[in-house]
Amino acid sequence: MKNHDNRRILALVFALSALPYLAALGAGFVFDDAKAIVGNPLVNGEVGLSELFARDFWGRQAATTIGTYRPVAVFSFVVDQALGGGKPWAFHASNIILHSLCCIALFVYLAERFGRPLAIASTSLFCVHAVHTENVAAIVARADVLATLFVLLTLHFARQENWRRWLVGPSFLLALLSKEVAVAGIAIVLADLVLNLDSKVRRRLLVVALASMLAALVAYLGMRYAALGVLTTSPKVQGNPLVDASLVERLFTCAELLWRSVGLMIAPITLQADYSFPAIVPTRAISLGVALGTALWIALPATILAARKRAPAIAWGAAVALASYVPVSNLLVLSPTIFAERLLYFPSIGFVVLVASAALAALRVFPTHKNILRLLFAAILCTHVLLSALRTPDWKSNRSLFTADVIAGSPSMLAHLQLGYINRTAGNFAEARLHYERAIVLAPKYADPYSGLGLTLDLLGDPKGAHGALQHALKLAPNCRDCSLALGTFLVKYGRFEAAEAELRRLQALSGATSAASRLQEQLASARSQHPGR
């Protein structure tokens, strides 16, 4: 390609990848953004950057971590905080730019390996695919984008004969430090080496690249263990109900989730923010989704083997899809989240390459219908632009996001719990009560909805009902810090100081509840000073 053609195409890629998501610039900190940014001591300046490699993604130390170690992503938040003064638009602008850079990296890599036609078709679909909306509009989903970007750079450097080949190790280490899903890069290069998928590159280069990547993996694991004391995550059952599932249930669910993932990539019409329990529950019996998902698990490696000589692009696309999906599939290692659209960012590269390969093959088979086929592909792109543009405003605020989930019919307890809190703090107590009660129906064994309902009933003038709901929350979760604080605050309000002191002792005995205990202690001391006779 000539230089001016390069610049023009890359400019078009940048514009196309940014256009559907511009509405995100007006969004705030939504869902987990507040915890990862506003509440992160590394980002808000409570601790210095010297702690960057010693804390997890949320700014927690080893004692309270769930095992998510992504210092490169956290450092990008710190940069945004400094450049934008903590304003959400700066973080969202960075997300859009990083997605655009990832699209450019994908185009460059595919063009040099498979040629411009496949690169244009694949990258154009990747730019606007609606399943990427969460990755661009949700700030915390940046970790997947960064990991994918650095893996693409690693794959590019691995094919170079010049000095750039020495950047493989550093680039892959940055990918791993962005998010652990980057480990898929090793499997992709290994497939190229063992199956000879990239005949244009000397095997010696791939061997050196693979050795550099393995060295980077060892360095990453050492850094992770030194910081957090663990090598894997520690998921909780509400975020990933497979924690308590049997092996058969886990296998069935993984198969069904693969089919769901492919369905979202084919037709991302109904998207949602939360897939935690009970939005997804372990699959206990064979179903159509399980059967189709199992067929896909078999079809992907079979496609790699069958197409590796005649259709290397198809083989590579299947290899990328398989290698990058396995780490988030819960098949080998349980993830903190059972499923999320953001987890499909990296695997979707394989999907778009497969779709583009099929589109180009159709043009060769039906040359007389090439204009119709091109119009059809353009229509698919326009549909994704529209779907992405319509979905992005949902990520403007927690209210808009979870309202969209509820309207879409999502059986998400968390969506109703969040809407209950939003309405309670806004003074819409009757509406808050409805959402808390719906959350209880969806997940009757979880404490948080009962605690929220208790606080709401008190505000509605029903202290008896409030007390019962708050007590039931603690019965379900005796170690729930927020539930204990809510009950203690309620007891202080109604002058039941001895019972409030019991809750204070409970909080003081809980790990990580120092702040909550201090708050309740202050409330109790203030109330006693106003009512010394009690």
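Computed from a prediction, not measured in an experiment: that's the story for all the values here.

**A few points about the confidence of the model for the chain**
Considering every residue of the chain, the mean pLDDT works out to 94; 99% of them sit at 70 or more. Of all secondary-structure elements in the chain, the lowest mean pLDDT belongs to helix α24 (residues 514-530), at 85, while helix α9 (residues 168-178) reaches the highest, 98.

**Details of the environment of V128**
Mapped onto the fold, V128 is located in helix α6 (residues 116-128). Overall, the relative accessible area of 0% leaves V128 in the buried class. For the pair V128 and G468, spaced 340 residues apart in sequence, the C-alpha to C-alpha distance is 50 Å. Once you skip the residues sitting within four places of it in the chain, V128 turns out to touch L16, P20, Y21, L381, H384, V385 and S388.

**Quick word on the packing of aromatic side chains**
Throughout the structure, instances matching the rule amount to 13 aromatic pairs. Consider the rings of Y69 and Y220, whose centres lie 6.4 Å apart with planes at 40 degrees: the pair is tilted. Linking Y69 in the loop between α3 (41-44) and α4 (71-84) with Y220 in helix α11 (residues 203-228), this pair joins segments that are 151 residues apart in sequence. When sorted by exposure, Y69 lands in the same class as Y220, which is buried. Judged by centre distance (4.9 Å) and plane angle (50 degrees), the rings of F490 and Y494 are tilted. Judged by relative accessible area, Y494 falls into the partly exposed class, the value being 36%. Members of the aromatic cluster, joined through ring pairs, are F29, F57, W58, F77 and F91. The cationic tip of R260 hangs over the ring face of F339; the distance from NZ or CZ to the ring centre is 6.0 Å.

**A closer look at unusual backbone geometry**
Here the amide bond leading from F277 into P278 is cis, since omega sits at 5 degrees, within 30 degrees of zero. You can see P278 is positioned in the loop between α12 (247-266) and α13 (288-307). The phi torsion at N196 lies on the positive side, around 55 degrees, for a residue other than glycine. Tracing the chain through its elements places N196 in the loop between α10 (184-195) and α11. Using a relative accessible area of 40% as the deciding quantity, one classes N196 as partly exposed. A positive phi is found at N330, a non-glycine position, where the angle reads about 70 degrees. Structurally, the position occupied by N330 is in the loop between α14 (312-325) and α15 (347-365).

**Some points on the nonpolar core**
Soluble globular proteins tend to pack their nonpolar side chains together in the buried interior. Formed by 119 residues in total, the largest nonpolar core has its most connected members in F57, F77, F126, W316, F339, F346 and I349. Residue contacts for F339: discarding those within four places in its chain leaves L257, R260, S261, L264, Y275, I280 and L344. By size, the runner-up hydrophobic cluster in this structure holds 50 residues, among which are L453, L474, L504 and L520.

**Some thoughts on the environment of Q523**
Within the secondary structure, Q523 sits in helix α24. Residue Q523 is classed as partly exposed on the basis of its relative accessible area, which comes to 26%. For the pair Q523 and G488, spaced 35 residues apart in sequence, the C-alpha to C-alpha distance is 9.2 Å. Those residues in contact with Q523 that sit more than four places away from it in its chain are T489 and V492.

**Focus on α24**
The terminal C-alpha atoms of α24, which comprises 17 residues, lie 25 Å apart, in line with the 24 Å expected from a rise of 1.5 Å per residue. Taken as a whole, α24 has its buried residues at A516, A517, L520, L524 and A527. Seen end-on, α24 carries its buried residues on one side only, within an arc spanning 95 degrees. Along α24, exposed side chains directed more than 90 degrees from the buried face belong to T514, S515, E522, S529 and Q530. In this fold, the buried residues of α24 make contact with α22 (481-493) and α23 (497-509).

About the criteria used
- Residues numbered from 1 in each chain as written.
- Predicted model: local features only at pLDDT ≥ 70, side-chain atom pairs only at ≥ 80, totals over all residues.
- Heavy atoms only, no water.
- pLDDT = per-residue confidence, 0-100.
- Helix = DSSP H or I, 4+ residues; strand = E, 2+ residues; numbered from the N terminus.
- Buried < 20%, exposed > 50% of the residue type's maximum accessible area, 1.4 Å probe, protein only.
- Contact = heavy atoms within 4.5 Å.
- Phe/Tyr/Trp six-rings, centres within 6.5 Å; stacked < 30°, edge-to-face > 60°.
- Lys NZ or Arg CZ within 6 Å of the ring centre and 35° of its normal.
- Core = buried A, V, L, I, M, F, W, Y, C linked by side-chain atoms within 4.5 Å.
- Expected span 1.5 Å × (residues − 1).
- Arc of directions from axis to C-beta.

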